[in-house]
Structure formats: C-alpha cells, structure tokens
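So the chains spell out like this:
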Amino acid sequence: LAICATWLASSARANDGDLIGYTDLAGHAGALQANGAGIAVAQVEAFAASTSDYSPDTAATDFAGKTFTNRSGTSGISGHATQVAMEFYGASFSPAPGISAVSLFSAESFVSGLLRQGRSKRAPGGVGAAVVNNSWIATLTDDAANVDTVRRLDDLINRDDVLVFNAVSNSATDPFPLLLASSVNGVSVGTLTGSHGP
C-alpha cells in the first residue's frame, strides 16, 4: 500500500492539488512509509519477443542496492521489464525508490506456477510481496481457464492482502484482455486511449 500512497503523492503534486486525499493520509503518524522503504514488491512480465527474457537490467545504476529474486528461473534482460522497473521502483523518477526487495516472475510462471491455474485442489502459492505489477496482457483460448486464472488471482489478493495492478491494452481497438484485468479484487490500469472494459 505504501507504493500506492507514494504514487498518489506523485499524482497529487503533478496536479497541483489534493483531489485524492493524500494530505489527509500523510498527516497521520505512521500512515506512509517513505518512498516505499520496507515494502516487498513483485514484477510480472511477459517474455520479450522470441526470447525467454522477463527480467529488467538489474545491473542498471537506478537499481543499486536492490535485491532481485528471479522466481521463474534464469533470465536475460527485457527492455520492457527495465522500462517498467524504472517507473515502478527505479531511483531516478519512480514514486518508490526506497523499495529494496523485488521478486521477478515471467507471466507464464506466475499463471501456471504461482496461481496454479487448472489445479482445482491446490490453492495459489504465496507471492511474497505486498504489491504486484502485471504489465502484460493475454487471453487464454479456453474461457474456463481464463475464469479459473482470474478467480485464483482474486483469491490470492484476498487471502494475502496484496495490492495487484493489472494492465489493459494501450490500443482502443483491442478487446479488453481476459487476463488479468477482469480481476474483481485487483486494480486495472491503462491509458485514456487504451481498451476499455464492460
């Protein structure tokens, strides 16, 4: 929640106003943790085109002092993952540069390994983070698999009190993605000109 609050603070400053209640929240002792310090986060990424790469460039100076755990096996560098990481917890211009523990997942591993899609007798695993970012979109070919995956994410959010952000397409002509933006307990994020849900 601290990263959400730091993002809200950044938004309030950018709008030169306090339409979101940040000032009230910040006025309570212990309500915010500075710059995301002490908050564990997870970043989930689709593989870069024609690769198995899902990791940001962890050697970049913006990520100095951060501990990265590849939860989906070894990975090369993904440009998209690096861009998202810079905006999520990078030192230069993110709202939460104080974040020091980052778990990295491939989208495939997050769905099949952590959420355990399709395994009705197994609950989702633990993500080990307070905030999860899913900057990827997908739709499985089987409707039942889409529903199962999203409900498992909703269960994880509810069970572990995790704040999860899910992407929609940046193109208005694209259909609303069934994974994972239709989550009831998650937060769907997109551009003003991106795809919109029902």
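Located above this text is the structure these notes cover.
This structure is a prediction, so every number in the text was calculated from the model and none was measured.

1. Here's the deal with the nonpolar core
Inference 1: Of all hydrophobic cores here, the largest spans 20 residues; its most connected members are Phe-110, Val-127, Val-132 and Leu-153.
Inference 2: Every element with two or more residues in this core is listed here: strand E1 (40-45), helix H4 (107-114) and helix H5 (143-160).
Inference 3: Formed by 16 residues, the second largest nonpolar core is a distinct cluster that contains Val-41, Tyr-54, Ala-60 and Ala-96.

2. Some remarks on the pairing of strand E3 (residues 101-106)
Residues in a regular strand point their side chains to alternate faces of the sheet.
Inference 1: Counting buried positions along E3 gives 5 out of 6 residues, so the element sits mostly inside the fold.
Inference 2: For E1 and E3, the ladder comprises 6 bridges, and the chain directions are parallel. Of the residues in E3, the one forming a bridge with Ala-40 is Ala-101.
Inference 3: Where strand E2 (residues 67-70) lies against E3, 4 bridges are found, and the strand directions are parallel. Its bridge partner being in E3, Asn-70 is matched across the sheet by Leu-104.
Inference 4: Regarding the hand of the β-α-β motif, the stretch spanning E2, helix H3 (residues 79-89) and E3 is left-handed.

What counts as what
Residues numbered from 1 in each chain as written. Predicted model: local features only at pLDDT ≥ 70, side-chain atom pairs only at ≥ 80, totals over all residues. Heavy atoms only, no water. Core = buried A, V, L, I, M, F, W, Y, C linked by side-chain atoms within 4.5 Å. Buried < 20%, exposed > 50% of the residue type's maximum accessible area, 1.4 Å probe, protein only. Helix = DSSP H or I, 4+ residues; strand = E, 2+ residues; numbered from the N terminus. Pairing = 2+ DSSP bridges. Right-handed = clockwise from strand over helix to strand, strands pointing away.

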